[in-house]
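Okay, here's what each chain looks like letter by letter:
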Number of protein chains: 2
Amino acid sequence: MRQDKILNIPAIRRMPTYLHKLLKMRSEGRVSVSSTELAEYMHIELIVVRKDISLTGISGQRRVGYDVNELIRYIKNYLGWDESLSAALIGAGSLGTALLGYDDFEHYGFQIGQVFDTDPDKVGRKIYGRTVRHIDEMAEAFAEKQPEIAVICVSNNAAQRVADRVIELGVRYIWNFANVSLNVPPHVVVQREVIAGGLAMLAVKRKQEKNSAKQDLII
Amino acid sequence: MRQDKILNIPAIRRMPTYLHKLLKMRSEGRVSVSSTELAEYMHIELIVVRKDISLTGISGQRRVGYDVNELIRYIKNYLGWDESLSAALIGAGSLGTALLGYDDFEHYGFQIGQVFDTDPDKVGRKIYGRTVRHIDEMAEAFAEKQPEIAVICVSNNAAQRVADRVIELGVRYIWNFANVSLNVPPHVVVQREVIAGGLAMLAVKRKQEKNSAKQDLII
């Protein structure tokens, strides 16, 4: 896997949250939004919001704020979410099921159209409208419709095997929820999702608090 | 909610991944590890690994690498994971179930000991060894054992109500998986988990590739 430098990781991770808020505002009939309002919503500093938004290339209109529609368009364009992204999900356990039920994906053009598992209790069942197929049918299913992204939600033990198989079948982007580092050829991009990353953030915030409380006592 | 500056967000998010790898190495009998090996595992640059690790305060032994045990201890201490963190999970749907089944939490001292829901089909059932109790029993359960962290996995509509309730019952740290910005008093810390953040990362990587492929064509 290449080690392309991706700058502004926190900013990129915040983009869906802006988008979620903006889509909600639009549905409520709002036409413009100030960076101050977004900063309050996000609980981050104004300057950070302005920097985040400037990444998208939009030119701010300082007095009236941003046009909601335009900002949605710029964020979607920045992320490449203005076109549809087709995905196959492998592993229809509880995490896979949670992802299939995630409402916002459709607004992001992210369409998990295919679901695979090996468990006979799951194969043939419908989850949020998609029928679970056996993983052995993957080649056939991909021949009908080639997904661009594979979402791997299988156990740690099975993840590398599943990755090898989807790559063999032409997938170049993998969103990996298994807690393993996948070995993939250089043309394949993997985004590893470590659910405990957020817990680490919360834990550090807690630790900082405890430390500053200790300092207060010492002073 | 305060807007304390947390530096090195990506580094903090990577900590559980280092820890996961180091724990695995230790269980395999390894006693030392080089930053080069960690960089290869993480698919990131050596300098980034060194910076990440230096955050923990460990002093590197350049020739023989890091002592695995010591590095585990420093990372755990940095995150405050050397003491046990008790948690209550509210919302035993598919995402909540996935979190309850996440093996690594126990190595992080993160113990989700209590599970609540309102669904009569779920209340009384056992999920990974924990019995789901009705949310109305929360006050009673917290009086028996006060959790430090609340993990909110309920629907977006119910999230604020649940947050208000756990705060009222003395919780100061919230790990929020609902896709809403919670309003909380200043003494409460919220970590909002936006699952689509990883998808945004993958999408930007894909977009960068498409752009550079276009440039190749133009050149």
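Look up a bit, the structure's there.
Now for a quick tour of the structure. (Residues numbered from 1 in each chain as written. Chains lettered and ligands numbered in written order. Predicted model: local features only at pLDDT ≥ 70, side-chain atom pairs only at ≥ 80, totals over all residues. Heavy atoms only, no water.)

1. Focus: the overall build of chain A
To be explicit about the condition: Secondary structure elements follow DSSP: runs of H or I of four or more residues count as helices, runs of E of two or more count as strands, with numbering from the N terminus. Think of it in three bands: residues with accessible area under 20% of the maximum for their type are buried, residues over 50% are exposed, and the middle band is partly exposed, with areas taken using a 1.4 Å probe on protein chains only. Any two residues whose heavy atoms approach within 4.5 Å are treated as being in contact. In these tables, accessible area is a Shrake-Rupley quantity obtained with a 1.4 Å probe, and a residue counts as shielded only by the protein chains included in the view. When charges are counted, neither His nor the chain ends are considered; positive counts come from Lys and Arg and negative counts from Asp and Glu. Lys charges are placed at NZ, Arg charges at CZ, Asp charges at CG and Glu charges at CD.
For chain A, the helix and strand inventory stands at 8 helices and 9 strands. Principal-axis analysis of the C-alpha atoms places the extent of chain A at approximately 60 × 50 × 35 Å. In chain A, which comprises 219 residues, the proportion classed as buried is 53%. The long-range fraction of contacts in chain A, counting pairs at least 24 apart against all pairs at least 6 apart in sequence, stands at 57%. Counting every atom, chain A has about 10400 Å² of accessible surface; 49% of that belongs to carbon and sulfur. The averaged location of the 26 negative side-chain charges in chain A is 6 Å from the averaged location of its 29 positive side-chain charges.

2. Details of the state of the cysteines
The condition is simple: When the sulfur atoms of two cysteines come within 2.5 Å, that pair is taken as a disulfide.
In this structure the tally under the stated criterion is 0 disulfides over all chains. Free cysteine: Cys153(B), not disulfide-bonded; nearest cysteine sulfur from Cys153(A) at 15 Å. The class for Cys153(B) is buried, based on a relative accessible area of 13%.

3. Observations regarding the interface of chain A and chain B
For clarity, the cut-off: A 1.4 Å probe defines the accessible area here, and the buried area is the portion of it lost by two parts on being joined, summed over both. Throughout this description, the term salt bridge denotes a Lys or Arg side-chain nitrogen within 4 Å of a carboxyl oxygen of Asp or Glu. Whenever a nitrogen or oxygen atom comes within 3.5 Å of another N or O atom, the pair is scored as a polar contact, on the condition that within protein one atom can donate a hydrogen and the other can accept it, and that pairs from neighbouring residues in sequence are kept only if both atoms are in side chains. Following the grouping adopted for this structure description, the nonpolar residues are Ala, Val, Leu, Ile, Met, Phe, Trp, Tyr, Cys and Pro, the charged ones are Asp, Glu, Lys and Arg, and the polar ones are all others, Gly among them.
Counting residues at the interface gives 68 residues for chain A, matched by 67 residues for chain B. For the pair chain A and chain B, the two sides together bury roughly 6600 Å², of which 61% comes from carbon and sulfur. On the chain A side of the contact with chain B, His43(A), Ile195(A) and Arg206(A) bury the most area, a combined 11% of that side's loss. On the surface where chain A and chain B come into contact, there are 8 salt bridges. A salt bridge links Lys210(A) to Glu148(B), with the nearest nitrogen and oxygen atoms 3.2 Å apart. Across the contact surface, chain A and chain B share 30 residue pairs in polar contact (both at pLDDT 80 or more). Those elements that place two or more of their residues in the side of chain A that touches chain B are helix H1 (9–27), helix H4 (68–79), helix H5 (94–100), strand S8 (173–176), strand S9 (189–192) and helix H8 (196–218) of chain A. Ranked by the residues each element gives to the side of chain A that touches chain B, the list is headed by H8(A), at 15 residues. Looking at the side of chain A that touches chain B residue by residue, the classes come out as 37 nonpolar, 16 polar and 15 charged.

4. Some points on the packing of aromatic side chains
Threshold: Stacked, tilted and edge-to-face are the three classes assigned to paired rings of Phe, Tyr and Trp, where Trp is represented by its six-membered ring and a pair needs centres within 6.5 Å; plane angles under 30 degrees give stacked, over 60 edge-to-face, the rest tilted.
For the structure on display, the rule yields 14 aromatic pairs over all chains. Ring centres of Phe110(A) and Trp175(A) lie 5.9 Å apart, and the angle between their planes is 75°; this geometry places the pair in the edge-to-face category. Here the residue Phe110(A) occupies a position in strand S4 (residues 110–117), and Trp175(A) occupies one in strand S8, the gap between them amounting to 65 residues. Ring geometry for Phe105(B) versus Trp175(B): centroids 6.0 Å apart, planes at 70°, classification edge-to-face. Remark: Trp175(B) occurs in strand S8 (residues 173–176) and Phe105(B) occurs in the loop between helix H5 (94–100) and strand S4 (110–117); sequence separation between them is 70 residues. For the pair Phe105(B) and Trp175(B), one class covers both residues: buried. Taken together, the aromatic side chains of Tyr102(A), Phe105(A), Phe110(A), Trp175(A) and Phe177(A) make up a single cluster linked through ring pairs.

5. Re the pairing of S8(B)
All names here are of chain B. Applicable threshold: Paired strands, in this sense, are two strands between which DSSP finds at least two bridges. With the strands pointing away from the viewer, any crossover whose connection runs clockwise from the first strand over the helix to the second is right-handed.
A two-sided burial pattern is seen for S8, the buried positions comprising Tyr173 and Trp175 on one face and Ile174 and Asn176 on the other. With 4 bridges joining them, strand S7 (residues 149–152) and S8 adopt parallel strand pairing. Looking across to S8, one finds that Ile152 is bridged to Asn176. Considered for its hand, the β-α-β crossover made up of S7, helix H7 (residues 156–168) and S8 is right-handed.

6. Overview of the relation of the copies chain A and chain B
To be explicit about the condition: We place the copies in one frame by least squares, fitting the C-alpha atoms of every residue whose pLDDT is at least 70 in both.
For the pair chain A and chain B, the superposition axis carries a translation of 0.0 Å, the fit reaches an RMSD of 0.0 Å, and the rotation angle comes to 180°. The superposition of one copy onto the other is thereby described by a two-fold rotation axis. Taking C-alpha positions as reference, the residue of chain A nearest the rotation axis is Ser94(A), located at 2.3 Å. In this assembly, 99% of the residues forming the interface of chain A have copies in chain B that are likewise at the interface, indicating an isologous arrangement.

7. A word on the pattern of salt bridges
In the structure shown here, the tally under the stated rule is 22 salt bridges over all chains. When the shortest N-O distance is used, the salt bridge between Glu148(A) and Arg206(B) registers 2.7 Å. You can see Glu148(A) sitting in the loop between helix H6 (138–144) and strand S7 (149–152) and its partner Arg206(B) sitting in helix H8 (residues 196–218), one on each of two chains. With respect to class, Glu148(A) is no different from Arg206(B); both count as buried. One salt bridge connects Arg30(B) with Glu37(B), and the closest N-O pair in it is separated by 2.8 Å. A relative accessible area of 27% means that Glu37(B) is categorised as partly exposed. Where salt bridges share partners, they join Glu83(A), Glu148(A), Arg206(B) and Lys210(B) into one cluster.

8. Here's the deal with the sheet that holds S8(B)
With respect to topology, 7 strands assemble into an open sheet ordered S5-S6-S4-S3-S7-S8-S9 (chain B), the strand pairing being mixed. Edge positions in the sheet fall to strand S5 (126–127) and strand S9 (189–192) of chain B, since each of these pairs with one other strand and no more.

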